[in-house]
Number of protein chains: 2
Amino acid sequence: MKIIVDAMGGDHAPRVVVEGAIAALKEYINVEVGLVGDESTINSLLLKHNYDRGRLSVHQASEVIEMSESAANSVRRKRDSSIVVGVNLVKEGQGEAFFSAGNTGAVVCAATLGLRLLPGVERPGIAIVTPTQKGPCVVIDVGANIDPKPTQLLQYGIMGSVYSKYILKKDNPAVGLLNIGEEESKGTEFVKETYELLEKSRLNFIGNVEGKDLFSGKCDVIVCDGFVGNIALKVSESAAETIQLFLKRHILSSLMGKIGLIFLRPNLKRFKKEMDYAEYGGAPLLGVEKPVIIGHGRSNSRAIKNAIRVAKEEVERRFNEKILEALA
Amino acid sequence: MKIIVDAMGGDHAPRVVVEGAIAALKEYINVEVGLVGDESTINSLLLKHNYDRGRLSVHQASEVIEMSESAANSVRRKRDSSIVVGVNLVKEGQGEAFFSAGNTGAVVCAATLGLRLLPGVERPGIAIVTPTQKGPCVVIDVGANIDPKPTQLLQYGIMGSVYSKYILKKDNPAVGLLNIGEEESKGTEFVKETYELLEKSRLNFIGNVEGKDLFSGKCDVIVCDGFVGNIALKVSESAAETIQLFLKRHILSSLMGKIGLIFLRPNLKRFKKEMDYAEYGGAPLLGVEKPVIIGHGRSNSRAIKNAIRVAKEEVERRFNEKILEALA
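Just so you know, these numbers come straight off a predicted model, no measurement behind them. (Residues numbered from 1 in each chain as written. Chains lettered and ligands numbered in written order. Predicted model: local features only at pLDDT ≥ 70, side-chain atom pairs only at ≥ 80, totals over all residues. Heavy atoms only, no water.)

Novice: How should I be thinking about the overall build of chain A in this particular structure?
Specialist: A tally of regular secondary structure across chain A gives 11 helices and 11 strands. Scaling as 2.2 N^0.38, a compact globule of 328 residues should have a C-alpha radius of gyration of about 20 Å, and chain A matches this with 20 Å. Its C-alpha atoms give chain A principal-axis dimensions of roughly 60 × 60 × 35 Å. The 328 residues of chain A split such that 59% are buried. Considering only contacts within chain A whose residues lie at least 6 apart along the sequence, 70% involve residues at least 24 apart. Of the accessible surface of chain A, which amounts to about 13300 Å², a share of 51% is contributed by carbon and sulfur atoms. Here chain A contributes 42 positive and 40 negative side-chain charges, whose respective centroids are spaced 6 Å apart. (Helix = DSSP H or I, 4+ residues; strand = E, 2+ residues; numbered from the N terminus. Rg over C-alpha atoms; globule rule 2.2 N^0.38 Å. Buried < 20%, exposed > 50% of the residue type's maximum accessible area, 1.4 Å probe, protein only. Contact = heavy atoms within 4.5 Å. Areas by Shrake-Rupley, 256 points an atom, 1.4 Å probe, with all protein chains shown as cover. Lys, Arg positive; Asp, Glu negative; His and termini not counted. Charge placed at Lys NZ, Arg CZ, Asp CG, Glu CD.)

As structure tokens, this is what we get:
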């Protein structure tokens, strides 16, 4: 199984991508990695590492789509960018899945244009997994489709449910619709239409859920439009960071606090690890014919390695076949 | 100055409302409180307290609008509810401001129907204040108007800016538009139209901001529609709670952790206080002719007391006059 990896994507690329890929080769023995990007830069980084050369290849791409570039334009113009070349390698069957921590919009756009959508899917959606008090919860969409139709949200519900079942191993996943209150009468016309579609579907639909339920564990899948989902995701990341910053400031504000910290250090380290997005790897783009995983721009090498694991799991568990069955 | 307080609103009403009102009378010597609700229940709760009887009155209201009731229906039907009676008391000039920790939708509806809107305001908006790394930030709207027009978001920008300037004492407040990216080209058509209006206005508009900026301090006022704002608010509350829960679990997971906790207790107490919504009191409903403050359903007596302080500040600083000047 070969995972195609955008070596140029992310704030700390290509260094951390190369490190993450090598860590993945060591940990997942059935995985091969194809790194896409500037060959000479990648090769000079690879020189510093020991790894199984038979399982790592480098594919030249002369251009890079920057984080701030317009998605559609850059994908159309930069045909030799690492994102476009990477997607094409997967399209041609030279790899089973694609991962990039680069420009999210460009990855969505390149994957939508380059790979076929699964029959029954009108637009792909980005899923993320949040840690809740009762295990992981899938939130879809968090930014691929900011102005969707209700039918597309139904498709997200189906795909999110399959992800929860086959990747996260939840039985009969409970699906909720993100809204401003639990009552059926709540929300915009768009949300009410979506509610009706979800209720008529074969999904285990539990009704409306609220912003707080991203972390409550009330359901296993939360469906929302990409605008709201993206803002919810970034609010929660920022809340987590700000709270940790405030906590640190309060602990370090007194001598007693500093003494207490000596005792607590291992506990706080485990806490930080649980909070760390890098543990969860990348976010799957669901609805395209081949697994595509999108990483956080700030990904470090552990996040890259874990994203490759997420790609590997989708391939191993024939995830797209399960989606096709559910959509049928 | 008399603040009319819905004694029946909130999960722990009327007990905590009575306690909060009495605490407010003790702390704010120029304030009178009018408690609205079931007179005999309120009077029997008052019996347990010592307070300045000249500054507290009780106003009978025989009905209560429950938290889960439909806003418009309940306001129309329950004419003798504490919310409707309270708003009417303010309308008749028997009080300068109204506070309720009850059904948010019902408070918005009763205030919109019962009090006049300020000239130039098409719909009122709920503002909240988030703690950021660089001081407080006003987010408006967080749920009064879930399907607004771009002109209404401009009005929220103006009112939020006045709040930041006269209540939070920020000079020339920077206003941002909540979006999924910073570039001008980002977002839905609705957001792009709003962007244009904000840019042409006299506000200190700094462009698009993202979900993370609710806590970053990048700007002093964040404008958004009430659907997105409500979800952002509830996501951040839930993230904060979940993180504190995870932290507690990690600290208590070992003997060393428990020892460390003994040293850290005062620091963690200060941290919890900074995180506690009760410190911030209520959320002002901006755009109606008299100050209206909405409390969290879970308000404790400290939150009630602080919400009365927020109402008092709006009255003292002639906040609505400042809004009128800014809208002119």
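Novice: How should I be thinking about the pairing of strand β7 (residues 174-178) of chain A in this particular structure?
Specialist: Working note: regular strand, side chains alternate between the two faces of the sheet. The buried count for β7(A) comes to five of five residues, which makes it a mostly enclosed element. On β7(A), burial covers both faces: A:Ala174, A:Gly176 and A:Leu178 on one face and A:Val175 and A:Leu177 on the other are all buried.

Novice: When you look at the relation of the copies chain B and chain A in this model, what are you seeing that I'm missing?
Specialist: Aligned on chain A, chain B shows an RMSD of 0.1 Å; the corresponding rotation is 180° and the shift along the axis is 0.0 Å. Here the transformation between the copies is reduced to the relation of a two-fold axis. When C-alpha positions in chain B are compared against the rotation axis, the closest is assigned to B:Gly260, at 2.1 Å. A high fraction, 100%, of the interface residues of chain B reappear at the interface in chain A, so the copies pair face to face through one surface. (Least-squares fit on C-alpha atoms with pLDDT ≥ 70 in both.)

Novice: What am I meant to see in the interface of chain B and chain A here?
Specialist: Buried accessible area, meaning the area lost when the parts come together, often serves as the stated size of an interface. Contact with chain B, which involves 50 residues of that partner, is made by 50 residues of chain A. A combined buried area of about 4900 Å² lies between chain B and chain A, and 74% of that area is made up of carbon and sulfur atoms. At the junction of chain B with chain A, the criterion picks out two salt bridges. In this structure, the salt-bridge partner of A:Lys234 is B:Glu210, at a minimum N-O distance of 2.4 Å. Counting the contacts that link chain B with chain A gives 14 residue pairs in polar contact (both at pLDDT 80 or more). At the level of elements, β5 (125-132), α8 (226-251) and α9 (255-275) of chain B are the ones that each hand at least two residues to the side of chain B that touches chain A. Top element by residues in the side of chain B that touches chain A is α8(B). It accounts for 19 residues. When the residues that make up the side of chain B that touches chain A are grouped by side-chain class, the tally is 26 nonpolar, 17 polar and seven charged. (Buried area = accessible area lost by both parts, 1.4 Å probe. Salt bridge = Lys/Arg side-chain N within 4 Å of Asp/Glu carboxyl O. Polar contact = N/O pair within 3.5 Å; in protein donor to acceptor, adjacent residues only side chain to side chain. Nonpolar A, V, L, I, M, F, W, Y, C, P; charged D, E, K, R; others polar.)

Novice: What is the right way to look at the sheet that holds strand β4 (residues 97-100) of chain B in this model?
Specialist: Each strand in a sheet pairs with another by means of backbone hydrogen bonds, the pair being arranged parallel or else antiparallel. All names here are of chain B. In spatial order, the strands read β3-β2-β1-β4-β11-β10-β5-β6-β9-β7-β8; together these 11 strands make up an open sheet with mixed pairing. Two strands lie at the open edges of the sheet, namely β3 (56-60) and β8 (204-209), each paired on one side alone. Going from strand to strand, the sheet's axes swing by 25° on average, the running direction of each strand aside. Sheet analysis places strand β10 (residues 283-286) next to strand β11 (residues 292-294), joined by three bridges and oriented antiparallel. If you follow Ala283 over to β11, its bridge partner there is Ile294. Across the sheet, helix α5 (residues 104-114) touches β4, β5, β10 and β11, and the angle it forms with β11 is around 170°. (Pairing = 2+ DSSP bridges. Axes fitted to C-alpha atoms, helices over the stretch in contact; angles between N-to-C directions.)

Novice: How should the sheet that holds strand β8 (residues 204-209) of chain A be read in this particular structure?
Specialist: Residue and element names in this part refer to chain A. Strands sit in the order β3-β2-β1-β4-β11-β10-β5-β6-β9-β7-β8 across an open sheet of 11 strands; the sheet is mixed. Of all strands in the sheet, those with a lone pairing partner are β3 (56-60) and β8, marking the two edges. Adjacent strand axes in the sheet meet at a mean angle of 25°, parallel and antiparallel pairs treated alike. The sheet contact formed by strand β5 (residues 125-132) and strand β10 (residues 283-286) spans two bridges and is antiparallel. For Ile126, the partnering residue across the bridge sits in β10 and is Leu285. Docked against the sheet, helix α2 (residues 39-46) engages β2 (32-37) and β3, running at close to 155° with respect to β3.

Novice: Sorry, what's going on with α5(B) here?
Specialist: Because an α-helix packs 3.6 residues into every turn, residues spaced three or four apart end up facing the same way. Along α5(B), the residues that are buried comprise B:Ala106, B:Val107, B:Val108, B:Cys109, B:Ala110, B:Ala111 and B:Gly114. One side-chain oxygen at the N-terminal end of α5(B) lies 3.1 Å from the backbone nitrogen of B:Gly105; it belongs to B:Asn103.

Novice: Where do I start with α2(A) in this structure?
Specialist: Residues and elements named next belong to chain A. For α2, every residue scored as buried is listed here: Ile42, Leu45 and Leu46. For α2, the buried positions fall inside an angular range of 100° around the axis, keeping them on one side. Looking at the buried residues of α2, the elements they touch are α1 (15-27), β2 and β3. (Arc of directions from axis to C-beta.)

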